[in-house]
Amino acid sequence: MERIENIKLLLAEEQTLLSRERTMHSYMQTGLAFTSVGLLIIKFVSGIFYFCAGTFFILVGALLIIEAGKRYMRFRRAIARLREKEAKLGYDIGTIK
């Protein structure tokens, strides 16, 4: 019975980590969209106001991409810890064969 509970707990942890990964992808997509809009504004619209607005969008996009990178690194570390926990308990839930 304890084995089943351990497996349920490990699967729940893995689902939580996968939801974090989806959030990280959303940050990346949003960052790339902001950067693209900023570049389009700078390229096709003239004027100092639009240049500043484009630069602002590019900076916001860069910050979102950096945050996505940080989340990715935390995600990879958390997955590694989860795999270690699985190995310690003798399970092979997340291994690819």
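Preceding this paragraph is the structure being described.
Quantities reported herein were computed from a predicted structural model and do not represent experimental measurements.

Helix and strand counts for the protein chain stand at two helices and zero strands. Its C-alpha atoms give the protein chain a radius of gyration of 20 Å, more than 25% over the compact-globule value 13 Å for 97 residues. A burial count over the protein chain gives 21% of its 97 residues as buried. Within the protein chain, contacts between residues at least 6 apart in sequence are counted, and of these 71% link residues at least 24 apart. For the protein chain, the exposed surface amounts to about 7,200 Å²; the carbon and sulfur share of it is 66%.

Take the nonpolar core next. L10, L17, F75, A78, I79, L82 and Y91 form the largest nonpolar core, which has seven residues in total. Among the secondary structure elements, those contributing two or more residues to this core are α1 (2-44) and α2 (48-89). Sort the elements by how many residues they give to this core and α2 lands first, with four residues. Leave out the neighbours within four places in its chain, and F75 touches L17, L18 and E21.

Now for the environment of S36. As for its position among the elements, S36 is in helix α1. Along the primary structure S36 and A53 are separated by 17 residues, whereas in three dimensions their C-alpha atoms are 12 Å apart.

Calculation notes
Residues numbered from 1 in each chain as written. Predicted model: local features only at pLDDT ≥ 70, side-chain atom pairs only at ≥ 80, totals over all residues. Heavy atoms only, no water. Helix = DSSP H or I, 4+ residues; strand = E, 2+ residues; numbered from the N terminus. Rg over C-alpha atoms; globule rule 2.2 N^0.38 Å. Buried < 20%, exposed > 50% of the residue type's maximum accessible area, 1.4 Å probe, protein only. Contact = heavy atoms within 4.5 Å. Areas by Shrake-Rupley, 256 points an atom, 1.4 Å probe, with all protein chains shown as cover. Core = buried A, V, L, I, M, F, W, Y, C linked by side-chain atoms within 4.5 Å.

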